[in-house]
Amino acid sequence: MSTSTTTRATPRTAPQRYIAHLHLHAALGEDRLDDVVELLSGITPHVHAVPPQAVQLDLTSALRYFGLSPYDVVQLAMMRLKAHHGIDTSAGLAPNRMLASMAADMSAPGDTTQVTGERAAAWLRPRPVAALPGVGRSTADVLTKYGLHTIGQVADVPARTLQRLLGVAQARLLAERARGQDPRPVVPKEPAAHLTADLVLDRDCLDPAQHHRAVLELAERIGQRLRGEHQVTSRLTLTVRYADRTSTTRTRVPAEPTGHSAALTADALALLAGLGLQRARVRAFALRADGLSPADGAYRQLSLNPGDERARAVEEAADRARRRFGPGAVYPAVLARVERQ
């Protein structure tokens, strides 16, 4: 009589991730931020720039190489930045990007706040709901109106209750964040690129309405290109060239990295309004999007406005139509007169 023994394989658990978020206490241009990324790539290849003044590092694979603790590797990165570039930093160390960023926000210059996996939930619970990335004033007001003042209280609320307050998509995202979950990887990328759209007018233009439509057209073009390349921008620059060949340039940082045409248009028109052109003789406009990053790695502000979701759905449908029938298949109605001229 033979006896067979079944051996069950022990499930392999995923290794603990160690993510560091470094706030750079210095005014950095695009080139200098690229230098910082290059320097820190000597510690780990997984370095992600967060314009304008932060970087994130996945230290998981670097620990065995250096034979140091995660905290000590963070100190090594901070010392290198000080020695090579004279940059003071504050840092957060945690199991994911969101927690690391929140921990860094609590750190004084030169300090590191460490949130381990075991105590992440306890660390989050007493903090105000507004401390969660993406929770703006309107969302926080709704939550506090119903007695949800802390992250822990939100984490304890049944999913259906949150859905009634915020809607399905926003409730799911908020619940994940309240429990300290953030699956986004630290993705290394090339130095920040840019996109530019320009428009040279047929003749010198004095009409403010024409100026408005020209900038709107540029914002729409930039938005389509960003979404086509699955990117978002963290900085917009508008340049206006006048009939006498002089020019004026203004820059604006959006409230959050975006590729949404409505948000880009609002920021671009705010730049135009800030120039106070009135009846200036304008020859050309150029709109530049800088600080590009992958769209799937960007946080999006939670919104209680159902119109915003509808606008994004319409935008996605318009993008699909353009891919199928060409770039001129769909465009904003306000640009109709421009297209027909």
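Residues numbered from 1 in each chain as written. Predicted model: local features only at pLDDT ≥ 70, side-chain atom pairs only at ≥ 80, totals over all residues. Heavy atoms only, no water.

A. Molecular detail of the pattern of salt bridges. Throughout the structure, instances matching the rule amount to seven salt bridges. Two residues, D204 and R283, come together in a salt bridge whose shortest N-O distance is 3.8 Å. One end of the pair, D204, is in strand 6 (residues 195-205); the other, R283, is in strand 10 (residues 282-290), with 79 residues separating them in the sequence. Residue classification places R283 among the partly exposed residues on the basis of a relative accessible area of 28%. Note that R288 and D290 form a salt bridge whose closest N and O atoms lie 2.7 Å from each other. A single salt-bridge network, built from bridges that share partners, covers D204, R281 and R283. (Salt bridge = Lys/Arg side-chain N within 4 Å of Asp/Glu carboxyl O. Helix = DSSP H or I, 4+ residues; strand = E, 2+ residues; numbered from the N terminus. Buried < 20%, exposed > 50% of the residue type's maximum accessible area, 1.4 Å probe, protein only.)

B. How the structure looks around the sheet that holds strand 8 (residues 235-242). Reading across the sheet, the four strands line up as 6-10-8-9 and stay open at both edges, with antiparallel pairing between neighbours. Bordering the open sheet on either side are strand 6 and strand 9 (247-252), each of which pairs with just one other strand. For this sheet, the mean inter-axis angle between neighbouring strands, taken without regard to orientation, is 15 degrees. Examined bridge by bridge, strand 8 and strand 9 share six bridges and lie antiparallel to one another. Opposite L238, over in strand 9, you have R250 as the bridge partner. Strands strand 6, strand 8 and strand 10 of the sheet are contacted by helix 10 (residues 208-228), whose axis makes an angle of about 160 degrees with strand 6. Along the sheet face, helix 11 (residues 261-275) touches strand 8, strand 9 and strand 10 and points at about 45 degrees away from the line of strand 8. (Pairing = 2+ DSSP bridges. Axes fitted to C-alpha atoms, helices over the stretch in contact; angles between N-to-C directions. Contact = heavy atoms within 4.5 Å.)

C. Here's a closer look at unusual backbone geometry. Between P51 and P52 the backbone carries a cis peptide bond, its omega angle lying at 5 degrees. Here P52 lies in the loop between strand 2 (47-50) and strand 3 (54-58). A positive phi is found at H230, a non-glycine position, where the angle reads about 55 degrees. Along the chain, H230 falls in the loop between helix 10 and strand 7 (231-232). With phi around 75 degrees, R245 is a residue other than glycine that occupies positive phi space. You can call R245 exposed: its relative accessible area is 78%.

D. Representation of the nonpolar core in the model. Within the largest apolar cluster, 28 residues are counted, with the highest numbers of intra-cluster contacts made by L132, L143, V154, L162 and L174. At five residues, helix 4 (residues 97-105) tops the list of elements feeding residues into this core. Excluding anything up to four places from it in sequence, V154 contacts V129, L143, L148, L162, L174 and A178. One finds A219, L226, Y242 and A268 within the second-largest nonpolar core, a separate group that totals 27 residues. (Core = buried A, V, L, I, M, F, W, Y, C linked by side-chain atoms within 4.5 Å.)

E. Helix 6 (residues 137-145), seen in detail. When we look at burial in helix 6, the residues that qualify are T139, A140 and L143. Buried residues along helix 6 cover an arc of 95 degrees about the axis, so they all sit on one side. Exposed residues lying more than 90 degrees from the buried face of helix 6 are R137 and K145. The inward-facing, buried residues of helix 6 abut helix 7 (151-156), helix 8 (159-166) and helix 9 (168-178). (Arc of directions from axis to C-beta.)

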